[in-house]
Amino acid sequence: TVVVVGGGIGVAPVYPIARAYHELGNKVISIIGARDKDLVIWQDKMAAISDELILTTDNGSAGRKGFVTDPLREMLEAGEKLDLVLAIGPVIMMKNVAATTKPFGVKTTASLNTIMVDGTGMCGGCRVMVGGENKFACVDGPEFDAHEVDFANLVMRQQMYKDQEALEYSCGGHCKCVEE
Ligand code: FES
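Residues numbered from 1 in each chain as written. Predicted model: local features only at pLDDT ≥ 70, side-chain atom pairs only at ≥ 80, totals over all residues. Heavy atoms only, no water.

Concerning the pattern of salt bridges
Going through the model one piece at a time under the given rule, you end up with five salt bridges. E133 is the salt-bridge partner of K135, the closest N and O atoms lying 3.4 Å from each other. Residue classification places K135 among the partly exposed residues on the basis of a relative accessible area of 24%. (Salt bridge = Lys/Arg side-chain N within 4 Å of Asp/Glu carboxyl O. Buried < 20%, exposed > 50% of the residue type's maximum accessible area, 1.4 Å probe, protein only.)

Structure representation (structure tokens):
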């Protein structure tokens, strides 16, 4: 039994993996989530290759209200035997999925392709600590043992340019604040 968790546009990269597990005869439970119903993608495609599909939205505008970790936690607490959990989505979502499964000892994979930038190993944007070692998601991953990923450090790195990003957004995203 494989649980695939897709958050936001993370549903797109999770889809071919879930489909492959399905085609190989595994039981596939898919949990997909988004902030709002308008941000839900590929619900039908995911349903077609899943034995069970659970949709969550933060605001309850579609599916059940809450986060993808809610049904996952319920399954684990109910004693459902899960062989693998695979998560792709925002870093904070993957962090929470890892924290949810860890006490239950369920093998969990996080696919960190959502943090990649150039995908060539040159920009350094996807650097992440895994098992105490520096890794590049695009070269060494993107799949990693989620329980070994230092998500606290990764979240901190992602916040590093928050102020500059806010300034950029405040200008309409075109960064024309500085005279050339
Ligand atoms: S995405 Fe740039 S180094 Fe990995």
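Topic: the packing of helix α4 (residues 91-101) against helix α6 (residues 151-158)
Here α4 crosses α6 at 170°, and the two axes come no closer than 10 Å. The angle between α4 and α6 falls in the class roughly antiparallel. Of the two elements, α4 crosses α6, and the hand of that crossing is left-handed. For the pair α4 and α6, contact is made by V91, M94, K95 and A98 and by F151, A152, L154, V155 and Q158, respectively. The class makeup of the residues in the contact of α4 with α6 is seven nonpolar, one polar and one charged. (Axes fitted to C-alpha atoms, helices over the stretch in contact; angles between N-to-C directions. Helix = DSSP H or I, 4+ residues; strand = E, 2+ residues; numbered from the N terminus. Parallel < 35°, antiparallel > 145°, perpendicular 65-115°, else oblique. Left-handed = near helix turned anticlockwise from the far one by under 90°. Contact = heavy atoms within 4.5 Å. Nonpolar A, V, L, I, M, F, W, Y, C, P; charged D, E, K, R; others polar.)

Some details on the pairing of strand β6 (residues 108-111)
Burial along β6 is two-sided: the face carrying T108 and A110 and the face carrying T109 and S111 are both buried. The sheet contact formed by strand β5 (residues 84-88) and β6 spans three bridges and is parallel. Residue pairing for β6: L86 is matched across the bridge by T109. After leaving β5, the chain enters α4 and then returns to the sheet as β6, a path that is right-handed. In this structure, β6 lies alongside strand β9 (residues 143-145), joined through three bridges in antiparallel fashion. Residue pairing in the sheet places T109 in a bridge with D145 of β9. (Pairing = 2+ DSSP bridges. Right-handed = clockwise from strand over helix to strand, strands pointing away.)

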